[in-house]
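The primary structure of each chain is shown beneath.
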Amino acid sequence: MKQALIPEFYDLSERILNSGDGYWGNLGYWQPGNDYSMACEGLARQLAAAVDLNPDSRVLDAGFGCGDQLLLWLRDYHIEYLCGINYSISQTELAQQRLSHAGYHDAANNIHQSDVTVLSESTEVTTKNINTVLALDCAYHFPSRKKFINDSYKILKHASNDDNKTIGFTDIILAETAAGNKISWEKRLFLNIMLRLSQIPQHNIMTLSEYENQLKQAGFEHVVSQDISDQVFLPFGHWLNSQEDSIKKAAGKRSVWLKYKITTVFLAWAYKNQVLRYVIVSAAVES
Ligand SMILES: C[S@@+](CC[C@H](N)C(=O)[O-])C[C@H]1O[C@@H](n2cnc3c(N)ncnc32)[C@H](O)[C@@H]1O
């Protein structure tokens, strides 16, 4: 395992947002009375439902954070097999420890620190009959979602004798109302600056129809999407504001609080100006 010698963009800092022993780090699917960990788990469960996660699922999880979702797939959905990759060194190390500690030693050995870009080079993955690929709140960060879609198609196509081969995302897309020249150059500039600061490649932010086309061009069928923006963008900010004192105290450094505050202000702006939407997308590979 590599050591993180310089500070990582994706690290363990979301711990301070969580309750219990959670390390979730997504935007959440918010329902009344939720705290951050509950909302994050809620988003994971929405994804699980979209791909019909079940005891026959053989899962490749890309961008699994600190492993909370991996424990959920194993404990609550009793999936048959789990492997995963995550760019973050510190998160992967923690996820491995947490899986081992929970007794999931095989899964702990099957999750690795790696860039999703080299997915197609992993021979291990293609021999494991993966029938489910998951990307929970992370594909917009990947260097190229399109390449990830194409590589995932090949991995799923490779799986033998399985009728139910699925890919699932929870993801950020461009609102149709912001496509082309439909927003002012000032808004476009602000969007691009915020994407850059958030390490989101501009080319990943596309409309739903462009997204669906990428899936279909890769070979996927039965593309299903659900817009859950109302349950994501504003409630996250409302919750953060309600917890300002305790998060500032836990964060210690003002810069940590500011990172979350700026994120929620940006997301609220993008939602209210109809620039970004949040969706759950699934698609299938015909055997
Ligand atoms: C917003 S976090 C979401 C974490 C987790 N899925 C969750 O819901 O709590 C994005 C995750 O994607 C991972 N990631 C970003 N770029 C990646 C890449 N190129 N390859 C693999 N993982 C990547 C990060 O390390 C991080 O774990």
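Procedures and definitions
- Residues numbered from 1 in each chain as written.
- Predicted model: local features only at pLDDT ≥ 70, side-chain atom pairs only at ≥ 80, totals over all residues.
- Heavy atoms only, no water.
- Patch = residues over 30% accessible without salt bridge, like charges linked within 9 Å, V, L, I, M, F, W, Y side chains within 5 Å.
- Areas by Shrake-Rupley, 256 points an atom, 1.4 Å probe, with all protein chains shown as cover.
- Salt bridge = Lys/Arg side-chain N within 4 Å of Asp/Glu carboxyl O.
- Helix = DSSP H or I, 4+ residues; strand = E, 2+ residues; numbered from the N terminus.
- Buried < 20%, exposed > 50% of the residue type's maximum accessible area, 1.4 Å probe, protein only.
- Phe/Tyr/Trp six-rings, centres within 6.5 Å; stacked < 30°, edge-to-face > 60°.

Within an unreviewed UniProt entry, the label attached to the chain reads Methyltransferase-like protein, and the organism entered is Oleispira antarctica RB-8.

Nonpolar side chains collect at one region of the surface, where Trp185, Leu189, Ile193 and Leu197 lie side by side and expose about 470 Å² of accessible area between them. Mapped onto the elements, Ile193 comes out in helix α7 (residues 185-197). Residue classification places Ile193 among the partly exposed positions, given a relative accessible area of 43%.

Let us now look at the packing of aromatic side chains. For the coordinates displayed, the defined rule picks out 16 aromatic pairs. With a centroid separation of 4.9 Å and an interplanar angle of 90 degrees, the aromatic rings of Phe9 and Tyr10 are classed as edge-to-face. Using a relative accessible area of 38% as the deciding quantity, one classes Phe9 as partly exposed. An angle of 45 degrees between the planes, with centres 6.0 Å apart, marks the rings of Phe233 and Tyr271 as tilted. Of this pair, Phe233 sits in helix α9 (residues 233-242) while Tyr271 sits in helix α11 (residues 254-272), and the two are 38 residues apart along the sequence. The pair formed by Phe233 and Tyr271 is uniform in burial state, with each residue classed as buried. Counting every residue linked through ring pairs, the aromatic cluster contains Trp30, Tyr36, Phe236 and Trp239.

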